[in-house]
Amino acid sequence: MSFEFHIRPIGAEDDAAVKRIIEKVMTEFGCTGEGYAIHDAEVRHMTESYSKERTRYWVVLRNGEVVGGGGIAPLQGGDGKTCELRKMYFLEEARGIGAGRKLMEEALSFAKSVGYTKCYLETVDQMKDAQKLYEKNGFTRECQPMGNTGHFTCDTWYSRPL
């Protein structure tokens, strides 16, 4: 079995696949109610949502299929210097192969290059493997949420300087 993957910026042809991935992963972890990212309007139009200034979204392809993705955007209600690592979800076959680490490196490098000085993210307690990935990559736990993302059901928050 090959663990090779490719990361590239999202294209309009990827929108439906990314929406399905977000829905599948959020459902897998029981994150389907109000206050979760699955209900964000941008999920239906990822390419358009991440074509704005200081934003970018990448997809992970394995054997030519989109199996994950993640993006950077300004933290809503933030200070303008803090970005958010957003909508980073992977299908089961894309977990544990280094794709998350590599995508995060790409995202954080981009964030720094466009002037962000801090990166924030939100998750839920049951996503333990994701939390391990964040911590291995310099994120530390926050005691409370930052900004105004609308994800009031998220119960675990991280940030790191860039």
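Preceding block: the structure.
Trainee: Give a detailed account of the overall build of the protein chain, specifying residues and quantitative values.
Mentor: On a plain count of helices and strands, the protein chain comes out with four helices and seven strands. Each helix (α) and strand (β) of the protein chain, taken in turn from the N terminus, gives the series β-α-α-β-β-β-α-β-α-β-β. Against the 2.2 N^0.38 benchmark of 15 Å for 162 residues, the protein chain shows a C-alpha radius of gyration of 14 Å, consistent with a compact globule. Along the first, second and third principal axes, the C-alpha set of the protein chain runs to 40 × 35 × 30 Å. In the protein chain, buried positions account for 48% of the 162 residues. Carbon and sulfur atoms make up 49% of the accessible area of the protein chain, which totals about 8,400 Å².

Trainee: Pulling in residues and values, what's your account of unusual backbone geometry?
Mentor: Positive phi outside glycine occurs at arginine 54, with the angle close to 65°. By the secondary structure assignment, arginine 54 is in the loop between helix H2 (46-49) and strand E2 (56-62). Positioned with a positive phi, lysine 87 is a non-glycine residue whose angle comes to about 50°. Its place among the elements puts lysine 87 in strand E4 (residues 82-90). What makes lysine 87 buried here is its relative accessible area of 6%.

Trainee: If you had to explain the sheet that holds strand E3 (residues 65-74) to someone new, which residues and values would you point to?
Mentor: Ordered in space as E1-E2-E3-E4-E5-E7-E6, the seven strands form an open sheet in which the pairing is mixed. At either margin of the open sheet sits one strand with a lone partner, and together these are strand E1 (6-9) and strand E6 (140-142). Averaged over all adjacent pairs, the angle separating strand axes in this sheet is 30°, with direction ignored. The sheet contact formed by E6 and strand E7 (residues 156-161) spans three bridges and is antiparallel. Counterpart to glutamate 142 in the pairing with E7 is tryptophan 157. Here helix H1 (residues 15-28) sits on the sheet in contact with E2, E3 and E4, set at roughly 80° to E4.

Calculation rules
- Every chain is numbered on its own, with residues counted from 1 as its sequence reads.
- It should be noted that, the model being predicted, local features are given only for residues of pLDDT at least 70 and side-chain atom pairs only at 80 or more, the latter also being counted only at that level, while totals for whole chains, interfaces and linings use all residues.
- Excluding hydrogens and water, the side-chain values take into account all heavy atoms of the structure.
- Helix and strand assignments follow DSSP, with helices taken as H or I runs no shorter than four residues and strands as E runs no shorter than two, numbered in order from the N terminus.
- For the radius of gyration, the atom set is restricted to C-alpha positions; the globular benchmark scales as 2.2 Å times the number of residues to the power 0.38.
- Buried residues are those whose accessible area, probed at 1.4 Å on protein chains only, stays under 20% of the maximum for their type, while exposed residues exceed 50% and partly exposed ones sit between those limits.
- Here the Shrake-Rupley method, with its probe set to 1.4 Å, supplies the accessible areas, and only the displayed protein chains count as covering residues.
- Paired strands are those between which DSSP finds at least two bridges.
- Note on method: axes are straight lines fitted to C-alpha atoms, helices fitted across the in-contact stretch only, with angles between N-to-C directions ranging 0 to 180 degrees.
- Every residue pair with non-hydrogen atoms within 4.5 Å of one another is taken to be in contact.

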